[in-house]
Amino acid sequence: MARLIIVSNRLPMSLHAKADGTYALSQNVGGLATAIGPYHKSHHDCLWVGWSGIDPKTRSKEEIDKISDEFVSNRCIPVFLDQAEIDGYYAGYSNDTLWPLFHDFAHEAKFDSSTWKVYQEVNQKFADTMADMVNPDDTVWIQDYHLMLLPALLRARFPKLKIGWFLHIPFPSPEIFHQLPNGKDLLEGLMGADLLGFHTEDFCMNFLASVRSLLHTEVDKDGRIPVQNGNSQRFVTVDAFPIGIDYGLYRRNAHSSLAQAMRHGIEAVSGKRTRRVSTSLTAESEAAVEAGETWSTYTEDDLSEVRLAQSAAAKRGTKGNKVVVVSVSRLDYTKGLPERLRAFDLMLSRYPEWVGHVTYYLLATPSREDVETYRQLKDQVDQLVGEINGKYSLLSWTPIHYITRSLPIKPVCGIYTAGDVALVTPLRDGMNLVAKEYLASRDGRDGALVLSDECGAARELTDAFIVNPYDTEAVCEALHSALEIGSGEAKRRNAECRPA
Ligand code: ADQ
C-alpha cells in the first residue's frame, strides 16, 4: 500500500518517562505540529520521521529499543541525534544561519563551516534512516529548512519516488540568499524533489530568482525547473500552498468547557464580567482623590497616577467598556514582541481613556533559552512588561497579564475567545497560524485582528487591520481603531475570513 511519509526535523510528539519505568508521548506545540499534526493523527497510513529529542549516548540499547517501540506504535519513526549533531545541525546551521537569514535578520546570521558540515551529515543520517523503510511507490513529504539536502539524497536512492518539500518560513530575496556561502548546495539539494511548496507567491518568486542566478537554469512559464539526469529530464514544480489550520478543531475547542472557563476567568479579571470581590474603577478614582489630598504637598509628576485613574473613570464610565487584547506567540525575535509592547504602551499614553479598561493577555512561550540572543529577548520582554505594568497599573487593574507557559489547545482557545482584539504583529513570518486560530475560535462572531503585513497570513486575511509591525505609531492607531469598532463591523470583517 502506498503511504504518505512526513519528514521533519522534530517528531510531532515528545517522550516522557513515567514513574513505573514506561514511557508516554505528548503532542508538541508549534506551527508545524498545529498545521500537519491533525492529518497524521487521522490518517492511519501516514508515517512521520523526525528527531526523537533523545540523545542516544545517554541511554542504554534496551532503553533506545523501548523508546523506539513507543514512537513506532504512534506511527512515528525516530531519528536519534547526539548532542554534537544537535549543536551543529539544529542549533548551529539551521537556527543560527538559515532561520535569521530567511527572516531577513542577516545581522543575526552566523556562518560557520563546521556547522554546515554537521548539517550535511545529519541530512545524510535522515536519508539512511529512511532507506530501509521507504517503498518506491510511497510519497515522501519533507518539511522545512532543516532538511534542504534530503530531497536529492533520497532521489539518488529512489529514482521514481514522489518527493515533495515545503518551506514553513519565508524564502528571502536573492540579494539576501546570495549571502549564504552554501546557497547553491542547498538549491541543488532541493532539485531532488518533484514539488517545492511555499506559503506565498512572493516566496516562490524569490526562490525562482535564486535558482536562475545560482543554478543558471531557466524556469518555464508554469514555474517548472528542468533537471537533467543523464539522458532523462525531470521537472521540479514550484508553487504556493498557503498553509491552513483545522478550522473545526479550533471552533469546537473554543466551545469546550475548559475554554469557556478560561474565557470567563479572563473576563472577570479584566472587569468585563462581575466577580465575587468587586473592585471598581470608581472606588479607585475616589481613593485617588483622597490620596491626592494627602499627596498634595508632592510635585505634579507624583500625581499622574491619580489623574490617570480619574480620567480613565471619567472618560469611559465605570460599567462596561472593558476590553481584552490577546497575543499568543513563541518568544522569538522574528515575532516582534518588544515592538507590540511599545505600541500598547503608546496607546495607553496617547489614549488614557483606555487605562483601567483594556487588559492585554500576552501568552509568550520562551524558546531556545540556551542561546544568548533569545535570553536577551526574554529579558527585554520581561522588562517592558514590568515597565508598562509599573507605569499604568491601578489598584484594581493590571494592564498586562504575561504568561510564559505553553498551554494546551483548549485554554489557548479560551484566550482567543476572550480577546476582543488579537494583536498579531510578527516582524517576519512565513504564514502565522495564530491569526487563523483566533478567527476560527471566534467563528465569524465579533473580535478584531491587527495583523502584520510581513506575514503570509496578511495575503489572505485582507479584512484584518493590516499594519507595518515596525511602525509603532501605526500599530498603536490600528489597535485603538480595532478596539473601537462596533460588533457589526467586526462581524462583517470576520465573516469574510470564514471558510466557504
Ligand atoms: P511558528 O513559528 O511556530 O511556525 P505560528 O504559525 O505562529 O509560528 O504557529 C505557532 C503555533 O504554536 C500556533 O499553533 C500557536 O497556537 C502555538 N503556540 C504558540 N505559543 C503557544 C503557547 N504559549 N502555548 C500554546 N501554544 C502556543 C512556523 C512558521 C510560521 C508558519 C508555521 C506553519 O514560522 O510562519 O505559519 O510554521 O507553517
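If you're wondering where the values come from, they're calculated on a predicted model, not measured in any experiment. (Residues numbered from 1 in each chain as written. Predicted model: local features only at pLDDT ≥ 70, side-chain atom pairs only at ≥ 80, totals over all residues. Heavy atoms only, no water.)

*Asks:* What should I look at first to understand the overall build of the protein chain in this one?
*Replies:* Check the secondary structure of the protein chain and you find 19 helices and 16 strands. Its C-alpha radius of gyration of 25 Å places the protein chain within 12% of the 23 Å reference for a compact globule of 500 residues. Taken over the C-alpha atoms alone, the protein chain extends approximately 90 × 55 × 45 Å along its principal axes. When burial is assessed residue by residue, the protein chain has 55% of its 500 residues classed as buried. Once local pairs closer than 6 in sequence are excluded, the contacts in the protein chain between residues at least 24 apart make up 75%. Carbon and sulfur atoms make up 51% of the accessible area of the protein chain, which totals about 21,700 Å². Seen as two clouds, the 53 positive and the 66 negative side-chain charges of the protein chain have centres 6 Å apart. (Helix = DSSP H or I, 4+ residues; strand = E, 2+ residues; numbered from the N terminus. Rg over C-alpha atoms; globule rule 2.2 N^0.38 Å. Buried < 20%, exposed > 50% of the residue type's maximum accessible area, 1.4 Å probe, protein only. Contact = heavy atoms within 4.5 Å. Areas by Shrake-Rupley, 256 points an atom, 1.4 Å probe, with all protein chains shown as cover. Lys, Arg positive; Asp, Glu negative; His and termini not counted. Charge placed at Lys NZ, Arg CZ, Asp CG, Glu CD.)

*Asks:* Looking at this structure, I do not really get the packing of aromatic side chains. What am I missing?
*Replies:* Applying the stated criterion across every chain, the model contains 18 aromatic pairs. Consider the rings of Phe-171 and Phe-207, whose centres lie 5.2 Å apart with planes at 90 degrees: the pair is edge-to-face. Here Phe-171 is found in the loop between β7 (162-166) and α6 (174-177), whereas its partner Phe-207 is found in helix α8 (residues 201-215), with 36 residues between them in sequence. The exposure classification of Phe-171 matches that of Phe-207, with both residues buried. These aromatic residues form a ring-pair network of at least three members: Phe-102, Trp-165, Phe-171, Phe-177, Phe-198 and Phe-207. A cation over an aromatic ring shows up here: Arg-10 above the ring of Trp-51, its NZ or CZ 4.8 Å from the ring centre. (Phe/Tyr/Trp six-rings, centres within 6.5 Å; stacked < 30°, edge-to-face > 60°. Lys NZ or Arg CZ within 6 Å of the ring centre and 35° of its normal.)

*Asks:* Got a minute to help me understand the pairing of strand β3 (residues 23-27) in this structure?
*Replies:* A regular strand places its side chains so that they alternate between the two faces of the sheet. The sheet contact formed by strand β2 (residues 13-17) and β3 spans 5 bridges and is antiparallel. Across the sheet, Leu-15 pairs through a bridge with Leu-25, a residue of β3. Where β2 folds back on β3, the antiparallel hairpin that results is connected by 5 residues, among which Gly-21 adopts a positive phi of roughly 90 degrees. (Pairing = 2+ DSSP bridges.)

*Asks:* Can you help me understand the pairing of strand β15 (residues 448-452) in this one?
*Replies:* Summarising burial for β15: 5 of the 5 residues are buried, a large majority. A two-sided burial pattern is seen for β15, the buried positions comprising Ala-448, Val-450 and Ser-452 on one face and Leu-449 and Leu-451 on the other. Inspection of the sheet shows strand β14 (residues 421-424) paired to β15 by 4 bridges, in the parallel sense. When the bridges of β15 are listed, Ala-422 appears paired with Leu-449.

*Asks:* Sorry if this is basic, but what is going on with the site of the ligand here?
*Replies:* Not every one of the 27 residues close to the ligand is listed here, only the nearest: Thr-34, His-168, Thr-365, Asp-429 and Glu-437. One of the backbone N or O atoms of Asn-432 is found 2.9 Å from an oxygen atom in the ligand. Protein contacts shield 95% of the accessible area of the ligand, which totals 710 Å² for the unbound molecule. For the shell around the ligand, the secondary-structure elements that each account for two or more residues are α1 (31-42), β11 (323-331), β12 (358-366), α15 (409-418) and α16 (433-442). Within the shell around the ligand, the residues separate by chemical class into 12 nonpolar, 10 polar and 5 charged. Residue contributions to the shell around the ligand reach at least three from each of two domains, namely domain 1 (4-240) and domain 2 (247-272 + 322-497). (Near = heavy atom within 4 Å. Polar contact = N/O pair within 3.5 Å; in protein donor to acceptor, adjacent residues only side chain to side chain. Nonpolar A, V, L, I, M, F, W, Y, C, P; charged D, E, K, R; others polar. Domains from an automatic or database assignment.)

*Asks:* I keep staring at the sheet that holds strand β4 (residues 46-51) and nothing clicks. Help me out?
*Replies:* Whether parallel or antiparallel, the strands of a sheet pair through hydrogen bonds between backbone atoms. Ordered in space as β5-β4-β1-β6-β7-β8-β10-β9, the 8 strands form an open sheet in which the pairing is mixed. With partners counted over all chains shown, the strands left at the sheet margins are β5 (76-79) and β9 (224-229), one partner each. Pairs of neighbouring strands in the sheet enclose a mean axial angle of 20 degrees, with direction left out of account. Both β4 and β5 contribute to a ladder of 4 bridges, which runs parallel. When the bridges of β5 are listed, Val-49 appears paired with Ile-77. (Axes fitted to C-alpha atoms, helices over the stretch in contact; angles between N-to-C directions.)

*Asks:* Where do I start with the nonpolar core in this structure?
*Replies:* Generally speaking, nonpolar side chains in soluble globular proteins are found buried as a group. With 104 residues, the main nonpolar core has Val-7, Phe-102, Leu-196, Phe-198 and Phe-207 as its most contacted residues. When we break this core down by domain, the ones giving at least three residues each are domain 1 (4-240) and domain 2 (247-272 + 322-497). Discounting residues that sit within four places of it in the chain, Phe-102 has contacts with Met-148, Leu-167, Ile-169, Pro-170, Phe-171, Pro-172, Phe-177 and Leu-180. In this structure, Leu-15, Cys-76, Tyr-247 and Ala-418 belong to the second largest nonpolar core, which totals 53 residues. (Core = buried A, V, L, I, M, F, W, Y, C linked by side-chain atoms within 4.5 Å.)

*Asks:* Hey, could you run me through helix α14 (residues 372-392) in this one?
*Replies:* In this model α14 runs 30 Å from its N-terminal to its C-terminal C-alpha over 21 residues, within 8% of the 30 Å that 1.5 Å per residue would give. Taken together, the buried positions of α14 are Tyr-374, Leu-377, Lys-378, Val-381, Leu-384, Val-385, Ile-388, Asn-389 and Tyr-392. Down the axis of α14, the buried side of the element spans an arc of 130 degrees, and every buried residue falls inside it. Among the exposed residues of α14, those pointing more than 90 degrees away from its buried face are Gln-383 and Gly-390. (Expected span 1.5 Å × (residues − 1). Arc of directions from axis to C-beta.)

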